[in-house]
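# Remarks on the overall topology
One-letter residues, chain by chain:
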Amino acid sequence: TNGILSPEKVSFLARHKFLVTISMDGLKEIMDLQRPMRNGNSSFEAVMKTINQLEDYGVDFSIRVTVTPFSLPKLYEFVEYIRANTTCQYIYIEPVCSVGRALDNNISDSDIAKEFILQYKQIINSCNNSGLHVGYSGCRLDGLRSSFCGGYGHNSLNFCVSTEGLVSSCYEILDVNDTRANIFIYGKYNTLSGSFDINLEKLIFLCNLTVEKMQRCRDCFAKWNCGGDCIAKIALGGLNHILNDSPNYRCYINREIAKIELLSFLKLGYK
């Protein structure tokens, strides 16, 4: 959720024991720039009010940060603010992807890679043993994985249905006009039969796609932690970028953060 929730909705989430993730990109200046209200007003106070209400109910919540060139210089300050002023235990930091509003506003994703890694390292070192856990989706050390998520792979393929009845393995791709639709959308609801028509060829392709099939991952030490990464982002360059393309800027981020995380685990004495 973007955190713009009425007290009634917060109460509903609490009663039904939801785990809540709030999209929040920074302090007031950054939130007003990247996530303003529809009328252009500030959203920061409203999101903090929701966080306080979730805390009052004892709801488990995490924060998901989209990092842009604008927010990157203030990222450390924001994480410190969250640690000092909330009971949040998990904060997930993700570099912006050049799609949607980022693409419309000419925001580049590859330009921030090196500074993103430096900031992440500083934040990890600061948050160790503090009660606030920092995460990045391209490096997860909780087990080995052959796919990044349910968007592909044989473990558990997503079944996401759009309001138009389209079936996709990725909840980010639910529009036939998306350049990636031909890869991820594998079915549609048939109003006449009352059932779903599934393209078995696409379904089988998605189920069989794993990190072992991706040439760019072949010699990467971190491939079992990212599982081949988010192919919705990689697919922006076409199907070839998924299967055969050379490592990209996200591969660089994934490997460098894997090193940071592994060293952090060793320093903390984990085995």
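Since the model is a prediction, treat every value here as computed from it, not as a measurement.

What counts, and where the lines are drawn
- Residues numbered from 1 in each chain as written.
- Predicted model: local features only at pLDDT ≥ 70, side-chain atom pairs only at ≥ 80, totals over all residues.
- Heavy atoms only, no water.
- Helix = DSSP H or I, 4+ residues; strand = E, 2+ residues; numbered from the N terminus.
- Expected span 1.5 Å × (residues − 1).
- Buried < 20%, exposed > 50% of the residue type's maximum accessible area, 1.4 Å probe, protein only.
- Disulfide = S-S within 2.5 Å.
- Phe/Tyr/Trp six-rings, centres within 6.5 Å; stacked < 30°, edge-to-face > 60°.
- Lys NZ or Arg CZ within 6 Å of the ring centre and 35° of its normal.
- Pairing = 2+ DSSP bridges.
- Axes fitted to C-alpha atoms, helices over the stretch in contact; angles between N-to-C directions.
- Parallel < 35°, antiparallel > 145°, perpendicular 65-115°, else oblique.
- Left-handed = near helix turned anticlockwise from the far one by under 90°.
- Contact = heavy atoms within 4.5 Å.
- Nonpolar A, V, L, I, M, F, W, Y, C, P; charged D, E, K, R; others polar.

### A few points about helix α6 (residues 113-127)
- Helix length check: α6 (15 residues) gives 21 Å between terminal C-alpha atoms against 21 Å at 1.5 Å per residue, within 8%.
- Taken as a whole, α6 has its buried residues at Ala-113, Phe-116, Ile-117, Gln-119, Tyr-120, Ile-123, Ile-124, Ser-126 and Cys-127.
- Two residues or fewer past α6, Asn-129 is found with a positive phi of approximately 65°.

### Here's the deal with the state of the cysteines
- All chains considered together, the criterion is met by 0 disulfides.
- You can see Cys-220 has no disulfide; the closest cysteine sulfur is in Cys-226, sitting 6.2 Å from it.

### Topic: unusual backbone geometry
- Notably, Lys-17 is not glycine yet its phi reads approximately 60°, a positive angle.
- Within the secondary structure, Lys-17 sits in the loop between α1 (7-15) and β1 (20-23).
- With relative accessibility at 73%, the residue Lys-17 sits in the exposed group.
- Positive phi values are uncommon outside glycine, yet Asp-229 reaches one of about 70°.
- Following the sequence through the fold, Asp-229 ends up in the loop between α9 (223-226) and α10 (231-234).
- With a relative accessible area of 1%, Asp-229 lands in the buried category.

### Some remarks on the packing of aromatic side chains
- One pass over the full model with this rule turns up 8 aromatic pairs.
- Geometrically, the ring pair formed by Phe-12 and Phe-18 is tilted, given 6.0 Å between the ring centres and 40° between the ring planes.
- A ring pair is formed by Tyr-90 and Tyr-92, whose centres lie 6.5 Å apart and whose planes are at 10°; its orientation type is stacked.
- One aromatic cluster is present, built from ring pairs that chain together Phe-116, Tyr-120 and Tyr-136.
- When the ring centre of Phe-148 is taken as reference, the NZ or CZ atom of Arg-140 above it lies at 4.7 Å.

### Section: the pairing of strand β3 (residues 90-95)
- One ladder, built from 6 bridges, connects strand β2 (residues 61-67) with β3; its direction is parallel. If you follow Val-65 over to β3, its bridge partner there is Ile-93.

### Here we look at the packing of helix α4 (residues 75-85) against α6
- Between α4 and α6, the shortest axis-to-axis distance is 10 Å and the interhelical angle comes to 25°. In terms of orientation, α4 lies roughly parallel with respect to α6. In the crossing of α4 with α6, the sense of the turn from one axis to the other is right-handed. When α4 is examined against α6, the residues Leu-75, Tyr-76, Val-79, Glu-80 and Arg-83 are found in contact with a partner set consisting of Gln-119, Gln-122, Ile-123, Ser-126 and Cys-127.
- Looking at the contact of α4 with α6, its residues break down into 5 nonpolar, 3 polar and 2 charged.

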